Amino acid sequence: AQSVTQLDSHVSVSEGTPVLLRCNYSSSYSPSLFWYVQHPNKGLQLLLKYTSAATLVKGINGFEAEFKKSETSFHLTKPSAHMSDAAEYFCVVTYGQNFVFGPGTRLSVLP
Amino acid sequence: NAGVTQTPKFQVLKTGQSMTLQCAQDMNHNSMYWYRQDPGMGLRLIYYSASEGTTDKGEVPNGYNVSRLNKREFSLRLESAAPSQTSVYFCASSPYPLAGGLFSGANVLTFGAGSRLTVL
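An account of the accompanying structure is given in this report. (Residues numbered from 1 in each chain as written. Chains lettered and ligands numbered in written order. Predicted model: local features only at pLDDT ≥ 70, side-chain atom pairs only at ≥ 80, totals over all residues. Heavy atoms only, no water.)

**Comments concerning the environment of B:Val66**
Residues and elements named next belong to chain B.
Turning to step 1, where the next piece is worked out: Counting through the fold element by element, Val66 comes out in strand β7 (residues 64-68).
Turning to step 2, where the next piece is worked out: Looking at Val66, the relative accessible area reads 18%, which means it is buried.
Turning to step 3, where the next piece is worked out: Sequence-distant contacts of Val66, defined by excluding residues within four places in its chain, comprise Trp34, Tyr47, Thr55, Phe74, Ser75 and Leu76. (Helix = DSSP H or I, 4+ residues; strand = E, 2+ residues; numbered from the N terminus. Buried < 20%, exposed > 50% of the residue type's maximum accessible area, 1.4 Å probe, protein only. Contact = heavy atoms within 4.5 Å.)

**Let's talk about the environment of B:Ala92**
All names here are of chain B.
Turning to step 1, where the next piece is worked out: Its place among the elements puts Ala92 in strand β9 (residues 87-94).
Turning to step 2, where the next piece is worked out: Judged by its relative accessible area of 0%, Ala92 falls in the buried class.
Turning to step 3, where the next piece is worked out: Sequence separation of Ala92 and Thr5 is 87 residues, and the distance between their C-alpha atoms is 9.2 Å.
Turning to step 4, where the next piece is worked out: Residues within four places of Ala92 in sequence aside, it is in contact with Ser31, Met32, Tyr33, Tyr35, Leu109, Thr110 and Phe111.

**Overview of the interface of chain A and chain B**
Turning to step 1, where the next piece is worked out: Listed as interface residues are 20 residues of chain A and, on the opposing side, 24 residues of chain B.
Turning to step 2, where the next piece is worked out: Considering only the surface of chain A that becomes buried against chain B, A:Gln97, A:Phe99 and A:Phe101 emerge as the three largest contributors, covering 35% of it.
Turning to step 3, where the next piece is worked out: Our enumeration of links across chain A and chain B arrives at 0 salt bridges.
Turning to step 4, where the next piece is worked out: The interface formed by chain A and chain B includes 3 residue pairs in polar contact (both at pLDDT 80 or more).
Turning to step 5, where the next piece is worked out: Listed by contribution, the elements that provide at least two residues to the side of chain A that touches chain B are β5 (32-38), β6 (44-50) and β11 (98-101) of chain A.
Turning to step 6, where the next piece is worked out: In terms of residue count, the dominant contributor to the side of chain A that touches chain B is β5(A) (4 residues). (Buried area = accessible area lost by both parts, 1.4 Å probe. Salt bridge = Lys/Arg side-chain N within 4 Å of Asp/Glu carboxyl O. Polar contact = N/O pair within 3.5 Å; in protein donor to acceptor, adjacent residues only side chain to side chain.)

**Quick look at the state of the cysteines**
Turning to step 1, where the next piece is worked out: According to the stated counting rule, one finds 2 disulfides over all chains in the structure shown.
Turning to step 2, where the next piece is worked out: Each sulfur in the disulfide pair A:Cys23 and A:Cys91 lies 2.0 Å from the other. Here A:Cys23 and A:Cys91 share a disulfide; its torsion about the S-S bond, -65°, makes the bridge left-handed. Residue A:Cys23 is located in the loop between β3 (19-21) and β4 (24-26), and its partner A:Cys91 is located in strand β10 (residues 87-95); the two are separated by 68 residues in the primary sequence.
Turning to step 3, where the next piece is worked out: A:Cys23 gets classed as buried once you look at its relative accessible area, which sits at 0%.
Turning to step 4, where the next piece is worked out: Paired through a disulfide, B:Cys23 and B:Cys91 show a sulfur-sulfur distance of 1.9 Å. In this structure, the disulfide formed by B:Cys23 and B:Cys91 twists by about -75° around the S-S bond and is classed as left-handed. (Disulfide = S-S within 2.5 Å.)

**Some remarks on the pattern of salt bridges**
Turning to step 1, where the next piece is worked out: All chains considered together, the criterion is met by 6 salt bridges over all chains.
Turning to step 2, where the next piece is worked out: A:Lys78 is the salt-bridge partner of A:Asp85, the closest N and O atoms lying 2.8 Å from each other. In terms of burial, A:Asp85 and A:Lys78 fall into one category: buried.
Turning to step 3, where the next piece is worked out: Several salt bridges share partner residues, and in doing so they unite B:Arg36, B:Asp38 and B:Arg44 into one network.

**A short note on the side chain of A:Asp8**
All names here are of chain A.
Turning to step 1, where the next piece is worked out: Here Asp8 lies in the loop between β1 (3-5) and β2 (10-14).
Turning to step 2, where the next piece is worked out: Of the polar contacts made by the side chain of Asp8, one reaches the side chain of Arg22; its length is 3.1 Å.
Turning to step 3, where the next piece is worked out: Every residue in contact with Asp8, bar those within four places of it in the chain, is listed here: Arg22, Gly104 and Thr105.

Given below as structure tokens:
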């Protein structure tokens, strides 16, 4: 069975400082992994995806994630937070047509 | 492109009332999904449909019915609404199954804007 753990329910950073949102997964198969972002009262938008090509994946708005098979992790990073990054972030694992969502991490960005 | 369109955006119901959430996609996707989102629980799959005429239960199907009317449309019906069904509902679509043996990584979910349902 597949599952996703997001280790922090809430992360707070100051504007201009790095962002790290952690995600660990379990999967019986070679997974595809995604990060989605949800701004307040909005739908979910794809941030980036890992599909077993390069292990370091670049997404929109300066976000990156690194797939580490040995650690079963897919952590999301950004070198410098912006106020507009404040949102809920979801790590997702999929195989075939089934998608499993983590519980989400709420990112707050302080001025 | 509109992508995935859901209606209505907001709805207030009384316990026992029925309603249908509508969803349509214009991306020629094969699979469509209904999720509910509750605080601290991420998104939970209610039902999905891999093709026209087929539907399958997800994690939390009780109290809901779905209909895949055609390739574009996938509706979610609450026959007798309960306060526990107060939630934000999202429709999504994906190209899976993929034609021509395309790499599974192309299977990306595209979401609608959501429907906020309150059951009193």
